[in-house]
Amino acid sequence: MNFPQRTAAAVGAAGLALSLAACGGGQQAAGDGGLSGTIAVDGSSTVAPLTSAAATQFADVEPGVQVTVATSGTGGGFKAFCAGETDISDASRPIKDEEIAACDEAGTEYTEIVIANDGLSVVVNPENDWAQCLTVEQLNTIWAPEAEGKVMSWKDVDPSFPDEPLDLYGAGTDSGTFDYFTEAINGEEGATRADYTPTEDDNVTVQGVQGSPGALGYFGLSYAEENPDAVKIVDIDGGDGCVTPSSETVQDGTYTPLGRPLFIYVNNASYAENEALQTFVDFYLENEASIAEEALFIGLTEEQATTARTELDSLKG
């Protein structure tokens, strides 16, 4: 997978940087007339490659600014963000009511900015020649809480499928991907069978699905597209026929119910006080199309781009 290679420096330094960099800290003029300082980002493992691509492009403009990107999951990212430990929180879902309350209690004011789109992909082992397309009902049969200990073979999903043991991989409970998938497929956020391999590291899912003929997993579309030899993407039938996840089907809304917007949350006080953060966030949004393309995500629609500019304008005050 390309993500660990592409962001190794940023993620490798994240632990140290996050322990040293307070929100909005460290900014001063660099000797060459540019900016210097640190920007701490944590949150969604899905959004991390996007923010890392933004940081890479930004380094060409402001090499004196260090942007570190950690991946504790959307939920873990919000915990750090609301506690004032980070400047930006990457999120693959909107902030929850209890997270809003935590930010309010800590006095952390923030602005949500839609930054790109993604489709959740369902993947199987490349040797799987029976599950070319799965309905939402079949996915529910596999992943519903009541399936635990009962739906153990592909034949239990559909009598026409072989009697191949199911080997399931998916997002961990701190992940926005977990929240989104469980609500879209099982009708309730967090509702899922527990007898699967949960992980915040999509490499684990890639390797697990690649190594097991009966495996099935889910994660962001970009990860599946980066690993075409390791996993096979399954078409999804949301009620109107089988649809392959792609930039086009996510943006036009035909890939349902697993297309979704992605967000960054910006600490308002940090943005006001830290010129490096201001410049980075402005750069991120101004270049969202090229950043999304580089990171293998799906750019904003015209309507979303207008919304994002409005959100940024509110942040500027």
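**Considerations on the overall build of the protein chain**
The number of helices and strands found in the protein chain is 16 helices and 13 strands. Taking all 317 residues of the protein chain together, 56% fall into the buried category. A separation threshold of at least 6 residues defines the contact pool for the protein chain, and within that pool the share at least 24 residues apart is 77%. Of the roughly 12800 Å² of accessible surface on the protein chain, a fraction of 48% belongs to carbon and sulfur atoms.

**Some remarks on the side chain of Ser222**
By the element assignment, Ser222 lies in helix H11 (residues 221-225). With a relative accessible area of 2%, Ser222 lands in the buried category.

**Concerning helix H7 (residues 136-143)**
For H7, the complete set of buried residues consists of Val136, Gln138, Leu139, Ile142 and Trp143. All buried residues of H7 fall inside an arc of 160° around its axis, so they share one side.

**Some thoughts on the sheet that holds strand S11 (residues 235-237)**
Strand order in the open sheet formed by three strands is S6-S11-S12, and the pairing between neighbours is mixed. Either end of the sheet is taken by a strand with one partner, and the two such strands are strand S6 (133-135) and strand S12 (242-243). As defined by bridge partners, S11 adjoins S12 across two bridges and the pair is classed as antiparallel. Paired with Asp237 across the bridge in S12 is Cys242. Sheet strands in contact with H7 are S6 and S11, and its direction is about 80° off that of S6.

**With respect to the nonpolar core**
Ranked by size, the top nonpolar core spans 46 residues in total, and within it Ile39, Leu50, Ile88, Ile113, Val266, Phe280 and Val281 carry the most contacts. With near-sequence residues (within four places) excluded, Ile113 lies in contact with Leu262, Phe263, Ile264, Val266, Val281, Leu285, Ala308, Glu311, Leu312 and Leu315. Grouped together as the second largest cluster of nonpolar side chains are 32 residues, Val122, Phe181, Ile185 and Val250 included.

**A word on the environment of Gly238**
Position of Gly238 relative to the elements: it lies in the loop between S11 and S12. Its relative accessible area of 42% is what places Gly238 among the partly exposed residues. The spacing of Gly238 and Tyr255 is 17 residues in sequence and 7.5 Å in space, taken between C-alpha atoms. In this structure, Gly238 is in contact with Val136 and Thr256, ignoring residues within four places of it in sequence.

**Overview of the state of the cysteines**
Taken as a whole and judged by the stated rule, the model has two disulfides. Between the sulfur atoms of Cys82 and its disulfide partner Cys103 the distance amounts to 2.0 Å. Taking the torsion about the S-S bond as the criterion, the Cys82 to Cys103 disulfide, at about -75°, is left-handed. On the criterion of sequence distance, the pair formed by Cys82 in helix H5 (residues 73-82) and Cys103 in helix H6 (residues 97-106) is long-range, its members being 21 residues apart. In terms of burial, Cys82 and Cys103 fall into one category: buried. Between Cys133 and Cys242 runs a disulfide, and the two sulfur atoms are separated by 2.1 Å. Across the S-S bond of Cys133 and Cys242 the torsion is about -100°, and the bridge reads as left-handed. Within this pair, whereas Cys133 is found in strand S6, its partner Cys242 is found in strand S12, the two being separated by 109 residues in sequence. The connectivity of the disulfide bonds within the protein chain can be written as 1-2, 3-4, using the sequence rank of each bonded cysteine.

**Describing the pairing of strand S4 (residues 88-91)**
Of the two faces of S4, the one lined by Ile88 and Asp90 and the one lined by Ser89 and Ala91 are each fully buried. Where strand S2 (residues 35-43) meets S4, three bridges bridge the pair, whose relative direction is parallel. Following the sheet pairing, Asp42 is matched in S4 by Ser89. Of the pairings in the sheet, the one linking S4 to strand S13 (residues 259-267) comprises four bridges and is antiparallel in character. Bridging from a neighbouring strand, Ile88 pairs with Val266 of S13.

**Quick word on the pattern of salt bridges**
Enumeration according to the criterion identifies seven salt bridges in this entry. A salt bridge links Arg193 to Asp195, with the shortest nitrogen-to-oxygen separation between them at 2.7 Å. The class of Arg193 is buried, set by a relative accessible area of 2%. The class for Asp195 is partly exposed, based on a relative accessible area of 31%. Several salt bridges converge on common partners, so that one network encompasses Arg93, Lys96, Glu99, Asp179 and Glu189.

**Section: the environment of Thr205**
Structurally, the position occupied by Thr205 is in helix H10 (residues 202-210). Along the backbone, Thr205 and Tyr223 are 18 residues apart, and their C-alpha atoms lie at a distance of 10.0 Å. Setting aside residues up to four positions removed in sequence, Thr205 forms contacts with Tyr169, Gly170, Thr199, Gly217, Tyr218 and Phe219.

Cut-offs and rules
- Residues numbered from 1 in each chain as written.
- Predicted model: local features only at pLDDT ≥ 70, side-chain atom pairs only at ≥ 80, totals over all residues.
- Heavy atoms only, no water.
- Helix = DSSP H or I, 4+ residues; strand = E, 2+ residues; numbered from the N terminus.
- Buried < 20%, exposed > 50% of the residue type's maximum accessible area, 1.4 Å probe, protein only.
- Contact = heavy atoms within 4.5 Å.
- Areas by Shrake-Rupley, 256 points an atom, 1.4 Å probe, with all protein chains shown as cover.
- Arc of directions from axis to C-beta.
- Pairing = 2+ DSSP bridges.
- Axes fitted to C-alpha atoms, helices over the stretch in contact; angles between N-to-C directions.
- Core = buried A, V, L, I, M, F, W, Y, C linked by side-chain atoms within 4.5 Å.
- Disulfide = S-S within 2.5 Å.
- Salt bridge = Lys/Arg side-chain N within 4 Å of Asp/Glu carboxyl O.

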